[in-house]
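Structure at a glance
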Amino acid sequence: AQTVTQSQPEMSVQEAETVTLSCTYDTSENNYYLFWYKQPPSRQMILVIRQEAYKQQNATENRFSVNFQKAAKSFSLKISDSQLGDTAMYFCAFIPLEGGSQGNLIFGKGTKLSVKP
Amino acid sequence: EPEVTQTPSHQVTQMGQEVILRCVPISNHLYFYWYRQILGQKVEFLVSFYNNEISEKSEIFDDQFSVERPDGSNFTLKIRSTKLEDSAMYFCASSRFQGDGYTFGSGTRLTVV
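The model shown is predicted, which means the values in this text are computed figures rather than measured ones.

All names here are of chain B. Across the sheet, which stays open at both edges, the 4 strands sit in the order S1-S3-S8-S7 with antiparallel pairing between neighbours. Of all the strands in the sheet, the pair left with one neighbour each is strand S1 (5–7) and strand S7 (65–68). Averaged over all pairs of adjacent strands, the angle between strand axes in this sheet comes to 20 degrees, irrespective of strand direction. As judged from the 5 bridges shared by strand S3 (residues 19–24) and strand S8 (residues 75–79), these two strands associate in the antiparallel manner. Directly across from Arg22, in S8, lies its bridge partner Thr76.

See the structure below:
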């Protein structure tokens, strides 16, 4: 079974500091995409960042960057200069592009991040 | 920026009643999905839809569930006879191609009483 594990149910960080959210996944596929989604209290799912598994370069999106370690099946999210608006639930997810469940997002259980003033 | 629109935002229904959740995906997207999130739990895949037919469905998506794309814009999820355990947030999403990041709607909160 293909799974996503987020080992930190909750984290907190001071405003302007940096925080890293961890994610590991399990798949036998070689071709897939990885994502981080943000879910604020409004409960909307917002795409934060996307990484193609065939790319070695880590994706960045303004204050958000990832550390993608394919061999270790690890995909952590770093948030720099944390802002109060970053307070949200963060979900790691991946889409296998081959085999069963291809094209469907598989989510982790999420990490609740609180940014403190 | 294009967005996925879901209606209603919140629906309360009696157990055993039928509900239809509505979604308008982004117009040039080809793949459509329904996911649900029971409060405090992770987001679960229900069904994917492509080329006017279901391409994959999960174990959750049993005979009580159906999807339809009745016209060129709407994508609906019907639950025929709701149960208490169907209470959840239901998200519609769409994507241009497989592997593309999904764009999610803002969800419909379904409460079955």
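Looking now at the interface of chain B and chain A. Between chain B and chain A, the contact holds 21 residues from the first and 20 residues from the second. Carbon and sulfur atoms supply 52% of the area buried between chain B and chain A, which totals about 1800 Å² over both sides. On the chain B side of the contact with chain A, B:Lys42, B:Gly99 and B:Phe104 bury the most area, a combined 28% of that side's loss. Counting across the interface, chain B meets chain A through 0 salt bridges. Where chain B touches chain A, the interface holds 6 residue pairs in polar contact (both at pLDDT 80 or more). Listed by contribution, the elements that provide at least two residues to the side of chain B that touches chain A are strand S4 (31–37), strand S5 (43–50) and strand S9 (88–95) of chain B. Partitioned by chemical class, the residues of the side of chain B that touches chain A number 10 nonpolar, 7 polar and 4 charged.

Residue and element names in this part refer to chain A. Within the structure shown, the criterion is met by 2 disulfides over all chains. Here Cys23 engages in a disulfide with Cys92; their sulfurs sit 2.0 Å apart. Its torsion about the S-S bond being -70 degrees, the disulfide of Cys23 and Cys92 is classed as left-handed. Of this pair, Cys23 sits in the loop between strand S3 (19–21) and strand S4 (24–26) while Cys92 sits in strand S10 (residues 88–96), placing them 69 residues apart in sequence.

Moving on: the pairing of strand S11 (residues 108–112) of chain B. Look at any regular strand and the pattern is simple: side chains alternate between the two faces of the sheet. Residues and elements named next belong to chain B. Here S11 shows one buried face, formed by Thr108, Leu110 and Val112, and one open face, formed by Arg109 and Thr111. Relative to S11, strand S2 (residues 10–13) runs parallel, the two being bridged by 4 bridges. Within the sheet, the bridge partner assigned to Thr13 lies in S11 and is Val112. Both S9 and S11 contribute to a ladder of 3 bridges, which runs antiparallel. Pairing of Met89 across the sheet is with Arg109, part of S11.

Turning our eyes to something else, we now look at the pairing of S10(A). All names here are of chain A. Among the 9 residues of S10, 8 are classified as buried, and the element is accordingly described as predominantly covered. Where strand S5 (residues 32–39) meets S10, 8 bridges bridge the pair, whose relative direction is antiparallel. Residue pairing across strands places Leu34 opposite Phe94, the latter belonging to S10. By the bridge criterion, 3 bridges tie S10 to strand S12 (residues 111–116) in an arrangement that is antiparallel.

All names here are of chain B. Taken as a whole, this structure holds 23 aromatic pairs over all chains when the rule is applied. Aromatic pair Tyr31 and Tyr50: ring centres 4.3 Å apart, planes at 10 degrees, arrangement stacked. Within this pair, whereas Tyr31 is found in strand S4, its partner Tyr50 is found in strand S5, the two being separated by 19 residues in sequence. Aromatic pair Tyr35 and Phe45: ring centres 5.5 Å apart, planes at 65 degrees, arrangement edge-to-face. Taken together, the residues Tyr35 in strand S4 and Phe45 in strand S5 connect sequence positions 10 residues apart. In this pair, the class of Tyr35 matches that of Phe45, namely buried.

For B:Ser48, the location among the structural elements is in strand S5. B:Ser48 sits in the buried class, given a relative accessible area of 4%. Within the local environment of B:Ser48, its side chain forms a polar contact with the side chain of B:Ser55, the two groups lying 2.8 Å apart. Residues in contact with B:Ser48, not counting those within four places in the same chain, are A:Asn104, B:Phe32, B:Tyr33, B:Glu53, B:Ile54, B:Ser55 and B:Glu56.

What counts as what
Residues numbered from 1 in each chain as written. Chains lettered and ligands numbered in written order. Predicted model: local features only at pLDDT ≥ 70, side-chain atom pairs only at ≥ 80, totals over all residues. Heavy atoms only, no water. Pairing = 2+ DSSP bridges. Helix = DSSP H or I, 4+ residues; strand = E, 2+ residues; numbered from the N terminus. Axes fitted to C-alpha atoms, helices over the stretch in contact; angles between N-to-C directions. Contact = heavy atoms within 4.5 Å. Buried area = accessible area lost by both parts, 1.4 Å probe. Salt bridge = Lys/Arg side-chain N within 4 Å of Asp/Glu carboxyl O. Polar contact = N/O pair within 3.5 Å; in protein donor to acceptor, adjacent residues only side chain to side chain. Nonpolar A, V, L, I, M, F, W, Y, C, P; charged D, E, K, R; others polar. Disulfide = S-S within 2.5 Å. Buried < 20%, exposed > 50% of the residue type's maximum accessible area, 1.4 Å probe, protein only. Phe/Tyr/Trp six-rings, centres within 6.5 Å; stacked < 30°, edge-to-face > 60°.

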